[in-house]
Every structure is written in structure tokens, then in C-alpha cells.
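In case you want the letters, here they are:
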Amino acid sequence: MDASTENVSVVKQQEILKTKKLVRNKKIVSISLFIAPAFLIYLLYVVYPIFATLGYSFYQWDGTTEKTFVGLGNYAQLFKDAVFWTALKNNAWVVATSVFVQIPLGLIMALMLFAPIRGLRLLNSIYFLPFLMSTVAVGMLWVLMFDPMNGIVNVLINVFGFENVAWLSDEKTAMFAVLLVIVWQFAPFYMILFKAALVGISEELYEAAQIDGANAWQKFQNITIPLLMPTIVSSSILAIVGSLKAFDIFYIMTGGGPNGATELMGTYMFKQAFINFNMGYASAIAFIMFFIALIVTIVIQVLEHRRKQKGGYA
Amino acid sequence: MKKFLATLTASSMLLLAACGQEGEKSGASTSGGGGGSGDKVIEVWHIETGEREKYFENVATQFEKANPGTDIKLLRIPNDAFKQKLSVAMSGGNPPDVFQSWGGGWLKNFVEQGSVTDITEQVDAAQFHKNAIANTTFDDKVYGVPLGISTNLVFYNKEIFAKYNLEEPKTWDEFVNVIETLKKNDIIPLSLANKTKWPGAYYLMDITSRLAGPELFESAFKRTGRGFDDPAYVEAGKYIQDLVKMDAFNPGFNGLPYDEGGSRQLLYTGQAAMINTTNSFINNIRAEAPEFEEKLGFFPFPSLPGGKGEMTHVPANTGPVFSVSTKAEEPKLAAEFLNLMTTKENAQIYTDTTGSLTAVNDAAPNDETMKPIYDYLATATHMQMPYDQTLPPELAEVHKDTTQALFGLSMTPEEAAKQMEAKAKEMLDK
């Protein structure tokens, strides 16, 4: 081995490295080009508004005239604001109903669709129907159905001997009435998710379990549930984040009333922004909403990650 | 390549933005005037349905004929959503050229933001009822034309009153008697749809005016001595809760929306006998249940024992009021459109076809239902504009929220008055 051949090989190696780098650089350029349009839109329509909202929340501002900087004043006021805490509590109710009623109901409906019952297709359509309607239409429909005098819901409960209930007009029942509608409208969405996931579970696993002598419940508990876990987790994230942002159905059905009984962070933010013209204060509410949703999502993701590390199914 | 991408992104964004706007506009119903198409477009946002909407269409057609090359684009937005939609458009810097309001505090708020054009030069303030134009004039500058004016009355079903030998009550005791008799006969005495909160707020305003006269609100609003926690306000709250406790209203009124007609339906079907509301109710009747009009009677809100208010102290409303926004590209042309809408001839058509009163002078209604209301309004010595349209928006909201809570019996009159005064101190004492 003489020095010159060694030199040649070093040069060659360097050349190879160079071309590799070039190829890599080229790849980076082309990949970013592909990402760029979506990324720009994401930056403009998602990231920028979040930071702009944070910025506005430090000001007292009516939306058009000069802004006055108040630092954390809006947040200090917010934490003392009784309406905000009511709203937060109501949001918690929406979250709880979504996770503990809607998702299980969606799962049950999906399982029923796999059961050997006649007229499954019909059931499938019926279950899915509420989700297809626009929220405004659903809201109006139920406002009429909940009518304190002539609504069909009251006619129904009269049949069973109960007195008329002023569903949406009573502070004690309004929240429950709206939650009922939310479950009715959104459970089908989770049904579809679960149905898709159930199709993906291999029949062989059930056959193997059958041979081992497992009963229906054991099969459900040890095969279906674990394999559905990823879907349950993503449904929960969707349900929780969606519930924190809930607005439309409440706005249509109660407008946050009566007497603030169904006020949500979303409706309260809207009220502060576009009725009371407190843009800064509304921005503070909006940012808190974002912050809570972010924290909740992170917590769920971390829990899910841990579960996977422990050897759960991916 | 990069340049190409940049343009692509930029243009796709523009496209998206355009789509967004298009979508937003198609959300409300448009109705062109006479199908005129020109380069000068004046966009008008209003909330009226039925004959009133037809009136706007008629004026728009006239205007387009008189001014070739202009296009009046009328956009109707549902009443309950209108306030929010306009606020959003205003703060988003994309308001219509001409918009409807009720004058008063809500309009003033936009004036203070610099969003409304001063049209003092273009319009003749003297041709309007002085109380009405005062409601759109701030710092001696006119910011809107009051086309319509209305008053609040207790409307009732004459047939039901005749059946149970009831007479129009003039005093509170007589009023309570009427309520008791109706209840005994399984008829809802008073119909109310209070989800929207303003229908209930009328009661607080009327009762306070009968108790303490118009000076109380003036003084509380202008901060010249008395406040919203005045004993009369507390007493008014008690009167309201008395009515609620004697089951004078339909059940579940606090959740019924007004626009959808929950309270009017009860009247049309004879399930309820009375409603305390604005006379634009007649406009609703003509669109919804024309056969009901002949059964319709009215009386002013009854007097209260020991009250200082006179029967000539009348609750009134200006509306529709039209203003020009500062973002209007053709403010002069827009102001001319407002002038055409409020000429004496047109105002006469307005009052005759729509069953509403106009604030334009010397345009008295010809029809039998409206005439007595016009005469009643003509005798007024004082006109009380609704609180929620006079007060700044945030305080107006507190007023409506606390009144709804009074009706719901979830707040005592003392608490409501205290909460109202606390907010008033914060907003009005500057």
C-alpha cells in the first residue's frame, strides 16, 4: 500500500459523501416544496391566529379604536369572573358526556351493526341520520320538540303521567336537554369510527379464542377492546377537544341562557367579543380555551405513548 | 420553481378568501331591487320581512331607475342574529354600505368607533318626529334616518275579553282581575317569549315608568343623582315577580325564542289572551295570521297605585333606522338612497302597506288598526326608548340578563338592581 492509492480512496470516499449530501439536500428541497403550500396555509390560518389572539389578550380593545395595553389584567379579571367558572364547569359537563356517554354509545351502536339482526342496513342509516343534519337545523328542530307547551317531548312524557317540563327554560334542566341533543347528534360519528376499526380486526383472532374456549364477553374484553384502543384514544381526543370548543348547538338552542345556566367558554367568548365589544377579554378567554385543549391533548398523547411502551397493541 | 410556487400559494389563498366571502354572503337571502346592474353597488343590510321588505325592494327599484348605473343590493338577516353579524362585519372592517339599526346606544357605540358617516348635511332633520331623530343624533350630528317608529302596548284578543265580560284594564288592580279571570278559565293571561330577553325587559321599563315617571331612567343613565338601584327599580322587580308567581305567563317563557313566533302563536290560537309588545306585532300578524287582526284590541300599560308616571308617558322605539357606514364607497349616493326611503310620499306608502308607523312627519296611517295607535302616540308627552337600545351594549346586556333572571325567579329584585347599578358605575361614571 503506498500513499497515492490511499489518497485516491480518500478522495473517492469524499466524493461519495459529497454526492450523498447533494442527494440529501435535493431531497430536502423537494420535500419542503411539496410541504410548502399546506405549511404556509397552516401558518397563516392556524399558527398566526393563535399568536395574534395571545397578543390581543394583553390589551383592552373594543375591536376598532386604539388598543390599551393592560398586561395580564384580562387574565386576572377572568379568574375572578363567576360567569367564566360556570362556563368552565359547563364545558366539563360537555366533555364528560362526550367521553362517557357518546363514545360508549357509539361503540354499542357499532357492535350492534355487527350482530346478526335482520334489517341491519336500515339501522345503519337510522343511526347515522342525525349526524348528517346541520347543527342549526338540529338545534331548531329540538327547540320545537322541547317546546314547554306543545312540544312532542312533553306530549310523550305526559303519556307516562309526568307533568310538562319547560326543558330549555328551566335553569335546572336546560343543560341536560342540550346534552341530550349533543349525544343524539354526535354518537353516530363515533359509531362510524368504531365500525371502521371493527372491520379491521382479524376474524382469526376470534376463531383462536373460540378454540381456547373463550365466551363472548371474554372475546370482547381481551380482543375487541384492546384492538380498538387506538380508535378509542383518538375518539377521546376528538370528543374532548370538540367539547371544549362547543358553541353552535348551545348558541342556537339556549344562547347560553336562561340566566347563564348553559353558558360555555365558547358562547361567553362570543358574547364578550361581539355583544360587549371586549375583544381583549374575549381573546383571553379564547387563549385559555386553546391552552386547556392543548394540555388535555398532550396528557392523552403521553398516556397513550406510555401504554404502547408497556406493550399494548399499536 | 420557487416563484411559481409562491404565486400558486398566493393565488390559492386569494381564491380561498374569495370563497369564504361568497359563502358568507349566500348565508342570508338577497333580493335585488329591480335587477339593475351597474358598477356602483350599494349594499344594504336589514332585518325586515313581509311588507316591509317589499317596501325596501320598491324603493330600491325607484332609486335604480332614478340613478342609472347603480345597484342596490338588499340583504336580509334574521333579527336575532343581526346584531352580532353586523358587529362582526364592523370590527372586521368589512361592513355593508347602509345598515339598519334602532338608533340609541347601540348606534352610538358604532359612531364612537368612527364607523358611521355623519349625514347632517344630506338629510333634513326637520321632517322627522323630533323624539325619533333625537335618537339618531349624537353631539348635534345626524347619523341615521328613522324611517319607522313604534310603541309598546298590551295587545289582547277581543273575542276572549268579550266572552268573559272583561274590559280593558286601566289600573293595576283591574289588570290583576283580568289575569285572575282568564286563569280561572284556563286561558294564559300573558304570552311571553323571553329567550331573546328584550320582550321581558319591556315589563321592567313599563312598570318603572309608571312607578317613577321618565325622570328616573334619565337620571340613572346620565348619572345625575339617582341610580339603577333606586327603590322604584326594586319595586318594579317585585311587580314582575308577582306576575310570575301568579302564573300570569305561559310556562317556560324564558326559553321560548321570539322570532320563531312562540309567543305570537299562543295568541293566534286563542291559548293566550294578551301580550305586551311593540306594535310591529301587527306587521307579524299580517304575515302570519291575517285573520287574527280583526280580533285585535290594545290598551296602554295600566297605571300603578301611587305611581308618579302619567298615561301619556309612552314607551317607544325607533326602527328601522338606516345609517351609512364610513367604509361606504359612495357615501353621498347612499345618503340619497336614505332620503328617497324617507320622502313623505314613500313614508305614506310605508305606513299604509306595512301596518307600522313612520317617524316621517305628516304621514298618518289610513287603516283602521293603525289609526288609534298613531293617535295614541300623537298624545305622548314623553317617549321612553327601550333601555337596551339606549344604554351602551355591555350595560344593556346586564340589564337584559338581570331582568330575565328576575322573570326566572333566580335573582331577587334587590340583587338585580344592585348588579345593574354596579355595572352602570363601571361603564357610565367616567
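Residues numbered from 1 in each chain as written. Chains lettered and ligands numbered in written order. Predicted model: local features only at pLDDT ≥ 70, side-chain atom pairs only at ≥ 80, totals over all residues. Heavy atoms only, no water.

## What to know about the nonpolar core
Operational definition: Side-chain atoms within 4.5 Å link the members of a nonpolar core, which is a set of buried Ala, Val, Leu, Ile, Met, Phe, Trp, Tyr and Cys residues. When a residue's accessible area, from a 1.4 Å probe over protein chains only, is under 20% of the maximum for its type it is buried; when over 50% it is exposed; and in between it is partly exposed. Working definition: helices are DSSP H or I runs of at least four residues, strands are E runs of at least two. Numbering for both runs from the N terminus. The contact definition used throughout considers only heavy atoms, calling two residues in contact when any of these lie within 4.5 Å.
If you look at the biggest cluster of nonpolar residues, it comprises 39 residues, and the most contacted ones within it are A:Leu78, A:Phe84, A:Phe194, A:Leu228, A:Met265 and A:Ile285. Of all elements in the fold, only α2 (73–80), α3 (82–114), α7 (174–199), α8 (203–211), α9 (216–244), α11 (265–274) and α12 (279–309) of chain A reach the threshold of two or more residues within this core. Per-element tally for this core: the top contributor is α3(A), with 9 residues. Setting aside residues no more than four positions away along its own chain, A:Ile285 makes contact with A:Leu78, A:Phe84, A:Met265, A:Tyr268, A:Met269 and A:Gln272. Counting residues in hydrophobic clusters, the runner-up holds 38 residues, among them B:Ile160, B:Phe161, B:Leu190 and B:Phe299.

## Quick word on empty space enclosed by the protein
All names here are of chain B. For clarity, the cut-off: A cavity, in this analysis, means grid points on a 1 Å lattice covering only the protein atoms where a 1.4 Å probe fits yet has no way out; a pocket is instead an open set bounded by protein on both sides within 12 Å along at least five of seven lines, and a residue lines either one if it has an atom within 4 Å of a point. Grid points are joined across faces, edges and corners, and a volume is the space filled by probe spheres set on the points. Basically, the charged four are Asp, Glu, Lys and Arg, the nonpolar ten are Ala, Val, Leu, Ile, Met, Phe, Trp, Tyr, Cys and Pro, and anything else, Gly included, counts as polar.
By the definition in use, this model includes 4 cavities of 30 Å³ or more. Space inside the largest cavity adds up to approximately 130 Å³. Leu 204, Tyr 233, Ala 416, Ala 417 and Met 420 are, among the 13 residues lining the largest cavity, the residues nearest its centre. Of all elements in the fold, only α10 (231–245), α17 (393–407) and α18 (413–428) reach the threshold of two or more residues within the lining of the largest cavity. Residue classes in the lining of the largest cavity are distributed as 9 nonpolar, 4 polar and no charged.

## Here we look at α9(A)
All names here are of chain A. We count it as follows: Expected helix span is given by 1.5 Å per residue-to-residue step, counting one fewer step than there are residues. Think of it this way: the bend at a residue is just the angle between two axes, each fitted to seven residues, one set ending at that residue and the other starting at it. Counting of polar contacts relies on pairs of N or O atoms within 3.5 Å, with two restrictions inside protein: one atom must be capable of donating a hydrogen and the other of accepting it, and residues adjacent in sequence are counted only when both atoms are side-chain atoms.
End to end, α9 covers just 36 Å across 29 residues, shorter than the expected 42 Å (1.5 Å per residue, more than 12% under). Approximately 50 degrees is the largest bend angle found in α9, and it occurs at Met 229, with the proline Pro 230 only one to four residues beyond. Capping of α9 at its N-terminal end is provided by Asn 215; its side-chain oxygen lies 3.3 Å from the backbone amide nitrogen of Trp 217.

## Side note on the packing of α8(A) against α9(A)
Residue and element names in this part refer to chain A. We count it as follows: Helix axes are fitted to C-alpha atoms over the stretch in contact, other axes to C-alpha atoms as well, and angles between N-to-C directions run from 0 to 180 degrees. Here is the rule for angles: anything less than 35 degrees is roughly parallel, anything more than 145 is roughly antiparallel, 65 through 115 is roughly perpendicular, and the remaining ranges are oblique. Helix crossings get a hand from a simple test, with the near helix turned counterclockwise from the far one by less than a right angle marking a left-handed crossing and a clockwise turn marking a right-handed one.
Where α8 meets α9, the closest approach of the two axes is 10 Å, and the angle between their N-to-C directions is 160 degrees. By the angle between their directions, the pair α8 and α9 is classed as roughly antiparallel. Considering only the axes of α8 and α9, their crossing is right-handed. Judged by residue contacts, Leu 205, Tyr 206, Ala 209 and Gln 210 of α8 engage Lys 219, Ile 223, Thr 224 and Leu 227 from α9. Here the contact of α8 with α9 is built from residues that sort into 5 nonpolar, 2 polar and 1 charged.

## Here we look at the domain arrangement of chain B
Residues and elements named next belong to chain B. Filter applied, for reference: Residue ranges assigned to the domains are those given by an automatic or database domain assignment. Buried area is a sum: the accessible area each of two parts loses on coming together, probed at 1.4 Å, counted once for each and added. Throughout this description, the term salt bridge denotes a Lys or Arg side-chain nitrogen within 4 Å of a carboxyl oxygen of Asp or Glu.
Split into domains, chain B comes out as domain 1 (29–146 + 320–358) and domain 2 (151–316 + 383–428). On a C-alpha basis, the centres of domain 1 and domain 2 stand 29 Å from each other. On the side of domain 2, 15 residues touch domain 1, which itself brings 21 residues to the contact. Summed over both sides, the interface of domain 1 with domain 2 buries roughly 1400 Å², with 45% coming from carbon and sulfur. If you look at where domain 1 meets domain 2, you find 0 salt bridges.

## Things to note about the packing of aromatic side chains
Counted only if it meets this: Note on aromatic contacts: the rings of Phe and Tyr and the six-membered ring of Trp form a pair at centre separations within 6.5 Å, being stacked when their planes are under 30 degrees apart, edge-to-face when over 60 apart, and tilted otherwise. Consider the ring centre and the ring normal. A charge sits over the ring if Lys NZ or Arg CZ is within 6 Å of that centre and within 35 degrees of that normal.
Throughout the structure, instances matching the rule amount to 55 aromatic pairs over all chains. Geometrically, the ring pair formed by B:Phe217 and B:Phe228 is edge-to-face, given 6.0 Å between the ring centres and 65 degrees between the ring planes. Highlighted residues: B:Phe217 in helix α9 (residues 215–222) and B:Phe228 in the loop between α9 and α10, separated in sequence by 11 residues. Side by side, B:Phe217 and B:Phe228 carry an identical accessibility label, which is buried. Taken together through their ring pairs, the aromatic side chains of B:Tyr156, B:Phe161, B:Trp172, B:Phe175, B:Tyr203, B:Tyr239, B:Phe249, B:Phe253, B:Phe299, B:Phe301 and B:Phe407 make up a single cluster. Across the ring face of A:Trp61, the terminal group of A:Lys67 is positioned such that the distance to the ring centre comes to 4.7 Å. Taking NZ or CZ as reference, B:Arg264 lies 4.9 Å from the ring centre of B:Tyr258, over its face.

## Overview of a negative patch on the surface
Residues and elements named next belong to chain B. Definition in use: Each patch is built from residues that are more than 30% exposed by relative accessible area and take part in no salt bridge. Like charges join if they lie within 9 Å; nonpolar side chains (Val, Leu, Ile, Met, Phe, Trp, Tyr) join within 5 Å. Methods summary: accessible areas were calculated by the Shrake-Rupley approach with a probe of 1.4 Å, and residue burial reflects only the protein chains presented. Working convention for charge: Lys and Arg count positive, Asp and Glu count negative, and His plus the chain ends are omitted. Charge placement uses NZ in Lys and CZ in Arg. For Asp and Glu, CG and CD serve respectively.
Taken together, Glu 167, Glu 168, Asp 173 and Glu 174 make up a surface patch of like negative charges. Note on placement: Glu 167 falls in the loop between α6 (158–163) and α7 (172–184). You can call Glu 167 exposed: its relative accessible area is 66%.

## Considering the side chain of B:Asp388
Residue and element names in this part refer to chain B. Tracing the backbone through its elements, the reader meets Asp 388 in helix α16 (residues 387–390). Assessed through its relative accessible area of 8%, Asp 388 is described here as buried. Non-local contacts of Asp 388, meaning those with residues more than four positions away in its chain, are made with Lys 83, Trp 198, Ala 396, His 399 and Lys 400.

## Focus: the domain arrangement of chain A
Where the parts come together, the accessible area they lose is often given as the size of the interface. Residue and element names in this part refer to chain A. Domain parsing of chain A yields domain 1 (3–56) and domain 2 (74–309). Every contact between the two is made by 4 residues of domain 1 and, on the other side, 6 residues of domain 2. A per-residue breakdown of the area domain 1 buries against domain 2 is headed by Ile 50, Thr 53 and Leu 54, which together make up 77% of the total. Run the count over domain 1 and domain 2 and you get 0 salt bridges. The interface formed by domain 1 and domain 2 includes 0 residue pairs in polar contact (both at pLDDT 80 or more).

## With respect to the pattern of salt bridges
Residues and elements named next belong to chain B. On inspection of all chains with the given rule, the structure shows 22 salt bridges over all chains. Across the salt bridge formed by Asp 388 and Lys 400, the nearest N and O atoms sit 3.9 Å from each other. Separated by 12 residues along the polypeptide, Asp 388 in helix α16 and Lys 400 in helix α17 bring together distant segments of the chain. Note on Lys 400: relative accessible area 9%, which makes it buried. With a shortest N-O distance of 3.0 Å, Glu 394 and Lys 423 are connected by a salt bridge. In this pair, Glu 394 sits in helix α17 while Lys 423 sits in helix α18, placing the two residues 29 residues apart along the sequence. Relative accessible area serves as the criterion here: at 11%, Glu 394 is assigned to the buried category. Its relative accessible area of 16% is what places Lys 423 among the buried residues.

## A word on the interface of chain B and chain A
The interface of chain B with chain A comprises 35 residues on the first partner and 35 residues on the second. Buried area between chain B and chain A, summed over both chains or domains, comes out near 2800 Å², and the portion from carbon and sulfur atoms is 63%. The interface formed by chain B and chain A includes 1 salt bridge. Measuring nitrogen to oxygen at the nearest pair gives 3.4 Å for the salt bridge that ties A:Lys271 to B:Asp401.

## Some points on the pairing of strand β10 (residues 272–278) of chain B
Residue and element names in this part refer to chain B. Counted only if it meets this: When DSSP finds at least two bridges between two strands, those strands are taken to pair.
Of all 7 residues making up β10, 7 are buried, and the element is well covered by its neighbours. Relative to β10, strand β8 (residues 148–157) is paired through 5 bridges, and the arrangement is antiparallel. Note on β10: the bridge partner recorded for Leu 153 is Thr 277. As defined by bridge partners, strand β9 (residues 188–190) adjoins β10 across 2 bridges and the pair is classed as parallel.

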